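Architecture and fold: a report
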Amino acid sequence: MKRKGRSHQGLRLFSRLAVAMMSLIVFALVGVQFAHIIDRNVAMGRSLHEIGSDVQTLRERKREQERELIRLSDPAGSVPEIHDRLHLVGPKETIIYLRAPKPPAP
């Protein structure tokens, strides 16, 4: 009877170790998958933040372009632009160029 008891105890010990090892492997795999999911979520969050800032920049640029379009649609607003970009003047007009003063020599 002692032999049956020892072999039964050895089998029980082996089965417990096998269950513990399998549990450890399952928990390790779940942990790795969880870490991978968290990493992907963090990367997506960063990407979403960058896209949001890009959208904000594009909206500001669109507003500026719309204001410039409205200003240039009016003849009174387009005259200064014509003077600045094309250096053209109307009759009895003159462009005066001003230079910044030179810094004093030491």
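Description of the structure in this document. A quick note: this is a predicted structure, and the numbers were derived from the prediction, not measured.

**Considerations on helix α2 (residues 75-86)**
For α2, built from twelve residues, the straight-helix expectation of 16 Å at 1.5 Å per residue is met to within 8% by its first-to-last C-alpha distance of 15 Å. Within α2 the residues assigned to the buried category are Gly 77, Ser 78 and Glu 81. The buried residues of α2 occupy an angular sector of 90° when the element is viewed end-on, so they sit on one face. Among the exposed residues of α2, those oriented more than 90 degrees off its buried face are Pro 75 and Ala 76.

**So, the environment of Glu 93**
Topologically, Glu 93 is positioned in the segment after α2. The exposure class of Glu 93 is partly exposed, given its relative accessible area of 35%. Among the polar contacts listed, one links the side chain of Glu 93 to the backbone nitrogen of Gly 90, at a separation of 2.6 Å.

**Describing a nonpolar patch on the surface**
On the surface, a cluster of nonpolar side chains totalling about 320 Å² of accessible area is made up of Met 22, Ile 25 and Leu 29. Within the secondary structure, Met 22 is located in helix α1 (residues 2-73). In this structure Met 22 comes out as exposed when scored by relative accessible area, which is 52%.

Definitions and limits used
- Residues numbered from 1 in each chain as written.
- Predicted model: local features only at pLDDT ≥ 70, side-chain atom pairs only at ≥ 80, totals over all residues.
- Heavy atoms only, no water.
- Helix = DSSP H or I, 4+ residues; strand = E, 2+ residues; numbered from the N terminus.
- Expected span 1.5 Å × (residues − 1).
- Buried < 20%, exposed > 50% of the residue type's maximum accessible area, 1.4 Å probe, protein only.
- Arc of directions from axis to C-beta.
- Polar contact = N/O pair within 3.5 Å; in protein donor to acceptor, adjacent residues only side chain to side chain.
- Patch = residues over 30% accessible without salt bridge, like charges linked within 9 Å, V, L, I, M, F, W, Y side chains within 5 Å.
- Areas by Shrake-Rupley, 256 points an atom, 1.4 Å probe, with all protein chains shown as cover.
- Salt bridge = Lys/Arg side-chain N within 4 Å of Asp/Glu carboxyl O.

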